[in-house]
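Now for the letters of each chain:
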Amino acid sequence: MISSVHDCVILPLNKIHNRAGNITIIEGQRNIPFDLKRVYYLYDIPSGEARGGHAHKDLYQLIVAAGGSFDILLTDGENKKHISLNRPDYGLLVVPGIWRELSEFSSGAICLVLASHKYSEDDYLREYKEFLSFRRKS
Ligand code: TYD
């Protein structure tokens, strides 16, 4: 079934708190609806810079503001969704076939991404036109 921005939801994550601080644990298929194959994070993002600007054919991701805050614009080619992430105990699930743009990174922001597959450039749709045509064919 073809995906929609409505399938991209904020997932509350667990948080174990004690006086020495907090810990949040994410296990594939337990706290998120996919197996984890890869983790990466964006950091030292200069003020005013944007990231993303692409979609994935098969990849599921959970995006977490592990530090600071940033905004995410999602589109499925018809509907748009704007999300602000600013808490390490919430993550945004991004399903395949959704165009994303990340911007408004705060100073010191850390964008943690958990991904369902290893890196493959073939999985990227980097041109918006190519993205729309991929969706039409799906
Ligand atoms: P890209 O996904 O385009 O970054 P963003 O969406 O944050 O703007 O990746 C940036 C570069 O890093 C690009 O040359 C591909 C490379 N890269 C890898 O080699 N492996 C990875 O797992 C990722 C996410 C990116």
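In this text, all values refer to a predicted model and were calculated from it rather than measured experimentally.

S.K.: Before we move on, could you go through the sheet that holds strand 8 (residues 80-85) and cite the residues and values that matter?
M.R.: What the 5 strands build is an open sheet, ordered 8-7-10-5-12; its pairing is antiparallel. Two strands close off the open sheet at either side, each with one partner strand: strand 8 and strand 12 (124-125).

S.K.: How would you summarise the packing of aromatic side chains if you had to cite specific residues and measurements?
M.R.: For the coordinates displayed, the defined rule picks out 7 aromatic pairs. Ring plane angle 40 degrees and centroid distance 5.6 Å describe the contact between Tyr 41 and Tyr 43, whose orientation is recorded as tilted. Ring centres 5.0 Å apart and planes at 90 degrees place the aromatic pair Trp 99 and Tyr 128 in the edge-to-face group. Taken together, the positions of Trp 99 in strand 10 (residues 99-103) and Tyr 128 in helix 1 (residues 128-137) put the pair 29 residues apart, joining distant regions of the chain. Look at Tyr 128 and you get partly exposed, because its relative accessible area is 34%. Among the aromatic residues, ring-to-ring pairing joins Trp 99, Tyr 128 and Phe 131 into one connected group. Sitting above the plane of the Tyr 124 ring, Arg 126 keeps its charged end 3.9 Å from the centroid.

S.K.: Help me get a handle on the layout of surface pockets, residues and values and all.
M.R.: The space that makes up the largest pocket amounts to roughly 230 Å³. If you trace the largest pocket, you find 13 residues lining it, with Tyr 40, Leu 42, Arg 51, Gly 52 and His 54 closest to the centre. At the level of secondary structure, the elements contributing two or more residues to the lining of the largest pocket comprise strand 4 (38-42), strand 5 (51-56), strand 6 (61-67), strand 10 and strand 11 (110-115). Classifying every residue of the lining of the largest pocket gives 7 nonpolar, 3 polar and 3 charged.

Calculation criteria
Residues numbered from 1 in each chain as written. Predicted model: local features only at pLDDT ≥ 70, side-chain atom pairs only at ≥ 80, totals over all residues. Heavy atoms only, no water. Pairing = 2+ DSSP bridges. Helix = DSSP H or I, 4+ residues; strand = E, 2+ residues; numbered from the N terminus. Phe/Tyr/Trp six-rings, centres within 6.5 Å; stacked < 30°, edge-to-face > 60°. Buried < 20%, exposed > 50% of the residue type's maximum accessible area, 1.4 Å probe, protein only. Lys NZ or Arg CZ within 6 Å of the ring centre and 35° of its normal. 1 Å grid on protein atoms, 1.4 Å probe; cavity = no way out; pocket = protein on both sides within 12 Å on 5 of 7 lines; lining within 4 Å. Points joined across faces, edges and corners; volume = space filled by probe spheres on them. Nonpolar A, V, L, I, M, F, W, Y, C, P; charged D, E, K, R; others polar.

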